[in-house]
Amino acid sequence: MLILRKRLKNTKKNKDKLAKLPKIYLVACWARYGVLEFPFSGRYKKINKKPVPLVWDFDDHNGTYPEYVLRPITWTTTAAIRGWLRDEQQAKDTAEFCEKRRLQAQQELQRKKLPDFREFIQYHQQKVSHQADTQNN
């Protein structure tokens, strides 16, 4: 049975090893959609009965001990993950498409909210003026 190390020191030798590994690209939404690149270990971990790729993630532990840690790609960020791909261009295209959809949905929501807000203001202005009229009579 092959034992896979879960931590690698931050050395030039290890960096060179990781640079030779195939890459996997994470598409996620932080403030906007983007792509992160990770060295792929070639292994998977089952999470909720689904295989999730194990990647080498750089962790400097707040500057105290920089190292590479083997972890599932879903543990590398707190962003909303859209998916992961092996092809860089496809990942960038997916992120661009998702960003356009996000902006489109945001603009649509703004268009819906604005008339609702105007109706809300008009309703309350009428209500206040009607109350003032009834109090004056």
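Quick caveat: nothing in here was measured; it's all calculated off a predicted structure.

Criteria and cut-off values
- Residues numbered from 1 in each chain as written.
- Predicted model: local features only at pLDDT ≥ 70, side-chain atom pairs only at ≥ 80, totals over all residues.
- Heavy atoms only, no water.
- Core = buried A, V, L, I, M, F, W, Y, C linked by side-chain atoms within 4.5 Å.
- Buried < 20%, exposed > 50% of the residue type's maximum accessible area, 1.4 Å probe, protein only.
- Helix = DSSP H or I, 4+ residues; strand = E, 2+ residues; numbered from the N terminus.
- Disulfide = S-S within 2.5 Å.
- pLDDT = per-residue confidence, 0-100.
- Contact = heavy atoms within 4.5 Å.
- Phe/Tyr/Trp six-rings, centres within 6.5 Å; stacked < 30°, edge-to-face > 60°.
- Pairing = 2+ DSSP bridges.

Our next topic: the nonpolar core. Ranked by size, the top nonpolar core spans nine residues in total: I24, L26, A28, F38, F40, V52, V55, I73 and A79. Here this core takes three residues from strand β2 (residues 23-29), the largest share from any one element. Formed by seven residues, the second largest nonpolar core is a distinct cluster that contains V27, C29, A91 and A95.

Under the counting rule described, the total for this entry stands at zero disulfides. Here C29 is not disulfide-linked; the sulfur of C98 is the nearest cysteine sulfur, at 8.7 Å.

Turning our attention to the confidence of the model for the protein. Residues shown with low pLDDT carry predicted positions that ought not to be read at fine detail. Mean pLDDT over the protein: 88, with 90% of residues reaching 70 or higher. Per-element averaging of pLDDT across the protein places helix α2 (residues 88-136) at the bottom with 82 and β2 at the top with 97.

Locating Y68 in the fold gives a position in strand β5 (residues 67-72). Spatially, the C-alpha atom of Y68 lies 5.7 Å from that of R7, the residues being 61 residues apart in sequence. If we ignore the near neighbours within four places in the chain, the residues touching Y68 are K6, R7, L8, K9, N10, K15, L18, W56, D57 and F58.

In this structure the tally under the stated criterion is two aromatic pairs. Geometrically, the ring pair formed by F58 and Y68 is edge-to-face, given 5.2 Å between the ring centres and 65 degrees between the ring planes. Taken together, the residues F58 in strand β4 (residues 50-59) and Y68 in strand β5 connect sequence positions 10 residues apart. A relative accessible area of 40% places F58 in the partly exposed class.

Within β2, six of the seven residues are buried, which leaves it mostly tucked inside the rest of the structure. Strand direction decides the pairing type here: β2 and strand β3 (residues 33-47), joined by seven bridges, are antiparallel. Considered in β3, the bridge of I24 is made with F38. Of the strand pairs in this sheet, β2 and strand β6 (residues 80-85) are connected by five bridges, and their pairing is antiparallel. Bridged to C29 within β6 is A80.

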